[in-house]
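Results of the structural survey
Residues per chain, in single letters:
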Amino acid sequence: MIRHLVLFKLNDGVTKDDPRAVAGAKAFEELGPLVPELREWECGWNITDRDIAHDFAINSLVEDRAALQSYLGHPAHQAAAGQWREFATWVIADLEV
């Protein structure tokens, strides 16, 4: 199994109420059921106010590396990630669990 973690940081001047951020969050909230390779799917806004904190997070689980590649290439994932490129940066970690 592979745990796929993504942390998003909104660009300067962008808030979670920005229409782009609202649409981006909605796209990820709706993504889980669209991708059959996803065993688990959680996403949401950070609730703490700390300088080192990121703003939005994804926590997902897939079966193996092939499933991860299928997820990453899925059109719904590509569309959602493409939205976030407009207003945020992110870091990822993929852990074998």
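Sequence order sets the numbering: in each chain, residues are counted from 1 along the sequence as written. pLDDT decides what is reported in this predicted model: residues at 70 or higher carry local features, side-chain atom pairs at 80 or more are listed and counted, and totals for whole chains, interfaces and linings draw on all residues regardless. As a rule here, side-chain values cover all heavy atoms of the structure and leave hydrogens and water aside.

1. Brief notes about the sheet that holds strand β1 (residues 2-10)
Keep this limit in mind: When DSSP finds at least two bridges between two strands, those strands are taken to pair. Helix and strand assignments follow DSSP, with helices taken as H or I runs no shorter than four residues and strands as E runs no shorter than two, numbered in order from the N terminus. Throughout, an axis means a line fitted to C-alpha atoms (over the contacting stretch in the case of helices), and angles, computed between N-to-C directions, take values from 0 to 180 degrees. For this analysis, residues touch if any pair of their heavy atoms sits within 4.5 Å.
If you trace the four strands from one edge of the open sheet to the other, you get β2-β3-β1-β4, paired in antiparallel fashion. Of all the strands in the sheet, the pair left with one neighbour each is β2 (38-45) and β4 (88-96). Adjacent strand axes in the sheet meet at a mean angle of 10° when their direction is disregarded. Across seven bridges, β2 lies against strand β3 (residues 56-62) in antiparallel orientation. Residue pairing for β3: Cys43 is matched across the bridge by Ile58. Along the sheet, helix α2 (residues 65-73) makes contact with β1, β2, β3 and β4, crossing β1 at roughly 35°.

2. With respect to the nonpolar core
Let me state the cut-off plainly: Nonpolar cores were defined as sets of buried Ala, Val, Leu, Ile, Met, Phe, Trp, Tyr and Cys residues, with membership established by side-chain atoms within 4.5 Å. Exposure classes here rest on a 1.4 Å probe applied to the protein chains alone. A residue is buried below 20% of its type maximum, exposed above 50%, and partly exposed in between.
In this structure, Phe28 and Trp84 are the most contacted members of the largest nonpolar core, which totals 24 residues. The set of elements that each furnish at least two residues to this core consists of β1, α1 (19-29), β2, β3, α2 and α3 (75-84). Here Trp84 is in contact with Phe8, Leu10, Ala21, Gly24, Ala25, Phe28, Trp45, Phe56 and Trp90, once residues within four sequence places are set aside.

3. Some points on the pattern of salt bridges
The following threshold applies: Whenever Lys or Arg places a side-chain nitrogen within 4 Å of a carboxyl oxygen from Asp or Glu, that contact is recorded as a salt bridge.
Applying the stated criterion across every chain, the model contains five salt bridges. Lys26 is paired through a salt bridge with Glu30; the nearest N and O atoms lie 2.9 Å apart. A relative accessible area of 47% means that Lys26 is categorised as partly exposed. Taking the relative accessible area as the measure of exposure, Glu30 reaches 41% and is therefore partly exposed. Measuring nitrogen to oxygen at the nearest pair gives 3.7 Å for the salt bridge that ties Glu96 to Arg65. One end of the pair, Glu96, is in strand β4; the other, Arg65, is in helix α2, with 31 residues separating them in the sequence. Considered together, Glu96 and Arg65 belong to a single accessibility category, that of exposed residues.

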